[in-house]
Amino acid sequence: MLWGAWVFMTRIFRNSIVVMVGTLASRLLGVLRQIVFNNAYASDTLKDAFNVAYRVPNLFRELLAEGGVQNALIPVLKSLPDAEVPTFARRFGALLLGLNLAVIGLCWVAAPGLAGLLISQGSPHLREPENFQTVVILMRLALPFLLGISMSALFTALLQADERFGASSFSPLAFNLGSMALMLLWPGDPVMLGLSVTVGGFLQALVQLPYLRGFGLEFKPHPALKLALARMGPFVFTTSTRQVLNLVLVNILTFYPQATVTGFYNAELVYLTALGVLAVSPAMAAYPRLSELYAQGDIPGFNRLFGGMIARVAVLLGLASSLMGWLAPWLASVFAWTANFSQANRELTTLFLLTFSFSLIPWGLNALLVRGFYAVGEVQRAVRISVLVVILNTFGYWLLKGQSLYLLNAATAVAGLVGMLLYARRLGMFGHLRLGWLASLLARVTLAALVSGAPAHFVARLFGPPQSFFHEIPTLIVAGAVGLLVYVGAARALRLR
């Protein structure tokens, strides 16, 4: 019994490490891609135009790829006999192909109207006819990215359901390398900028294909397709509401001065890197096992694994949140390689990094808590909470439009906190989480974060004001090390482990 439990936890740990390393590598390469993007193009207007245009394929990426396909398919695949999985995969892949082609065609035709929705009427630069047309062209060039990334999501679901995390975790490296190659070979070229994400999306799918045996497309019905689509429904609905929020946010950001959109997405990339490595990766690695434990009726085992994952993720997020906030001015210099990274871009990236740091803990824990809902089959409850959080966040954005950007981004942190409390309360009612324990954990993590961040900031200031990337490497290493040491000491004193 004890040997079986040890083997079980060892496998979870190994899978978590593989996913975290793969995610870290792809996220760091994603940061490098963003550095190339910021420095290969001199025009802040072109950068803003691309970030607006890229929102459309990214919207459907959540609906037809990561958001719906991966989360919904894994339980379905686990429930099928091994011999039936390839047949189901071929037929689901054919269905996914048809949906993608239809969406891409419709969006290509509707690109001018979509650009009109995304760009605020009061935009000081993107409403100019030439810049507006640039957004439309970039959107059309980037749309085929959706097909590649959807196939990649299907391949990832197939591999992860079989608990093979290596190829799927490292496949985003191909996306970043492919898109960077086009930016570096044709710097300043808007056409190649638009095509860069399309090329990257197809490469991400292709590198996984050799690990799938007998995969092809088969245009026939399958009994499990209805079950898969039924499971995808709530995910798609939840994701679509979140993507509406993203569209609202893009529209609001274009209302602010030039470089605001790019500054936001620079900071968001750093934020999503921390979120992906420290929260989403462990949640993805544990999700199949959590589903299996609950399906087997091993509720104590489910609760132990779930609680242990929450504790470890919270501690890691506390450190990341502290360093991101206190070292925001120096972190922004990661993107400063050439003069093409303007002062406005630097200031706005710093501002958004600071505000994102307050969102890291609640939204990171939400990524794990919502998978607890999925594992126990409470998808509808998770959907209701998610929709409520999105509505709250959207209302906050509209209420604060035109106000300080600090206040605008505070709406994200508040909505994440509300969502975390609602998820935790409901899971507590199911007997899978003790609310008092969670409140104590978060209080101690917050205290450790506050204690460790200030010394890191003080040490960074000794190196002088932020300048270029290479100048700030010693600053970030030394200040980050100081923050880490203080955090570890505080965590031990507060009995965080």
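Residues numbered from 1 in each chain as written. Predicted model: local features only at pLDDT ≥ 70, side-chain atom pairs only at ≥ 80, totals over all residues. Heavy atoms only, no water.

**Brief notes about the overall build of the chain**
Along the backbone of the chain there are 21 helices and 0 strands. For the chain, the share of sequence-separated contacts (at least 6 apart) that also reach a separation of at least 24 residues comes to 85%. Summing over all exposed atoms, the chain offers an accessible surface of approximately 20,400 Å²; the carbon and sulfur share of this is 69%. (Helix = DSSP H or I, 4+ residues; strand = E, 2+ residues; numbered from the N terminus. Contact = heavy atoms within 4.5 Å. Areas by Shrake-Rupley, 256 points an atom, 1.4 Å probe, with all protein chains shown as cover.)

**A short note on the side chain of Asn266**
Tracing the sequence through the fold places Asn266 in helix α13 (residues 260-295). At 2.8 Å, the side chain of Asn266 forms a polar contact with the side chain of Gln34. Those residues in contact with Asn266, other than ones at most four positions away along the chain, are Gln34, Asn38, Phe335, Phe341, Asn345 and Thr349. (Polar contact = N/O pair within 3.5 Å; in protein donor to acceptor, adjacent residues only side chain to side chain.)

**What about the pattern of salt bridges?**
On inspection of all chains with the given rule, the structure shows 1 salt bridge. Residue Asp44 pairs with Lys47 through a salt bridge whose shortest N-O separation is 3.7 Å. On the criterion of helical spacing, the pair formed by Asp44 and Lys47 is a turn pair, its members being 3 residues apart in helix α2 (residues 44-53). By relative accessible area, which is 9% here, Asp44 ends up buried. Classification of Lys47 as buried rests on a relative accessible area of 0%. (Salt bridge = Lys/Arg side-chain N within 4 Å of Asp/Glu carboxyl O. Buried < 20%, exposed > 50% of the residue type's maximum accessible area, 1.4 Å probe, protein only.)

**Some details on the layout of surface pockets**
Looking at the largest pocket, its volume works out to about 770 Å³. Together, 22 residues line the largest pocket, and Leu28, Val270, Thr273, Ala274 and Leu331 are the ones closest to its centre. Mapped by element, the contributors of at least two residues to the lining of the largest pocket are α1 (2-40), α13, α14 (299-326) and α21 (469-493). Partitioning the lining of the largest pocket into residue classes produces 20 nonpolar, 2 polar and no charged. (1 Å grid on protein atoms, 1.4 Å probe; cavity = no way out; pocket = protein on both sides within 12 Å on 5 of 7 lines; lining within 4 Å. Points joined across faces, edges and corners; volume = space filled by probe spheres on them. Nonpolar A, V, L, I, M, F, W, Y, C, P; charged D, E, K, R; others polar.)

**Brief notes about the packing of aromatic side chains**
A full pass over the atoms with the stated rule returns 19 aromatic pairs. For the ring pair Phe469 and Phe470, a centre distance of 5.0 Å and an interplane angle of 70° mean the geometry is edge-to-face. The exposure class of Phe469 is buried, given its relative accessible area of 19%. An aromatic cluster of at least three residues, connected via ring pairs, comprises Phe37, Tyr41, Phe50, Tyr54, Phe145 and Phe175. Its end group placed over the ring of Trp108, Arg140 keeps NZ or CZ at 4.2 Å from the ring centre. (Phe/Tyr/Trp six-rings, centres within 6.5 Å; stacked < 30°, edge-to-face > 60°. Lys NZ or Arg CZ within 6 Å of the ring centre and 35° of its normal.)

**Comments concerning unusual backbone geometry**
The phi torsion at Ala259 lies on the positive side, around 85°, for a residue other than glycine. Take Ala259: it is sitting in the loop between α12 (223-253) and α13. On the basis of relative accessible area, Ala259 is assigned to the buried category, the value being 0%.

**What to know about the packing of helix α6 (residues 111-118) against helix α7 (residues 129-142)**
Their axes nearest at 9 Å, the elements α6 and α7 cross at an angle of 120°. Of the possible angle classes, the one that applies to α6 and α7 is oblique. Of the two elements, α6 crosses α7, and the hand of that crossing is right-handed. Each of Ala111, Pro112, Leu114, Ala115, Gly116 and Leu118 in α6 lies in contact with α7, whose residues at this interface are Phe132, Val135, Val136, Met139 and Arg140. Residues that form the contact of α6 with α7 fall into these classes: 9 nonpolar, 1 polar and 1 charged. (Axes fitted to C-alpha atoms, helices over the stretch in contact; angles between N-to-C directions. Parallel < 35°, antiparallel > 145°, perpendicular 65-115°, else oblique. Left-handed = near helix turned anticlockwise from the far one by under 90°.)

**Focus on the confidence of the model for the chain**
Taken residue by residue, the chain gives an average pLDDT of 83. The fraction at 70 or more is 88%. For residues 1-9, every residue scores under 50 in pLDDT, and the model assigns this stretch 4 contacts once sequence neighbours within four places are set aside. (pLDDT = per-residue confidence, 0-100.)

**Notes on the nonpolar core**
By size, the foremost hydrophobic cluster in this structure holds 154 residues, and its most contacted members are Val135, Ile310, Met324 and Leu365. Considering each element in turn, this core owes the most residues, 17 residues, to α13. Beyond its immediate chain neighbours, meaning those up to four positions away, Leu365 contacts Ile310, Val313, Ala314, Leu317, Met420 and Leu442. (Core = buried A, V, L, I, M, F, W, Y, C linked by side-chain atoms within 4.5 Å.)

**With respect to the side chain of Ser123**
Relative to the helices and strands, Ser123 resides in the loop between α6 and α7. Using a relative accessible area of 8% as the deciding quantity, one classes Ser123 as buried. A polar contact is formed between the side chain of Ser123 and the backbone nitrogen of Leu126, at a distance of 3.2 Å.

**Side note on a nonpolar patch on the surface**
Nonpolar side chains collect at one region of the surface, where Leu32, Trp337, Phe458, Leu462, Phe463, Phe470, Ile473, Ile477 and Val478 lie side by side and expose about 870 Å² of accessible area between them. Secondary-structure elements contributing two or more residues to the nonpolar patch are α20 (435-462) and α21. If you trace the backbone, Leu462 turns up in helix α20. (Patch = residues over 30% accessible without salt bridge, like charges linked within 9 Å, V, L, I, M, F, W, Y side chains within 5 Å.)

**Focus: helix α17 (residues 360-375)**
Residue pairs spaced three or four apart in an α-helix point in one direction, given the helix's 3.6 residues per turn. For α17, spanning 16 residues, the distance from its first C-alpha to its last is 23 Å, which sits close to the expected 22 Å at 1.5 Å a residue. In terms of burial, α17 is a largely internal element, 15 of the 16 residues being buried. The first or second residue beyond α17 is Gly377, which carries a positive phi of 80°. (Expected span 1.5 Å × (residues − 1).)

**Topic: the packing of α17 against helix α19 (residues 405-429)**
Contact geometry of α17 with α19 gives a least axis separation of 9 Å together with a crossing angle of 30°. As α17 packs across α19, the resulting crossing turns out to be left-handed. Contact residues: Pro362, Trp363, Leu365, Asn366, Leu369, Val370, Gly372 and Phe373 in α17; Thr412, Ala413, Ala415, Gly416, Leu417, Gly419, Met420, Tyr423, Ala424, Arg426 and Leu427 in α19. A breakdown of the residues in the contact of α17 with α19 according to their chemical character gives 13 nonpolar, 5 polar and 1 charged.

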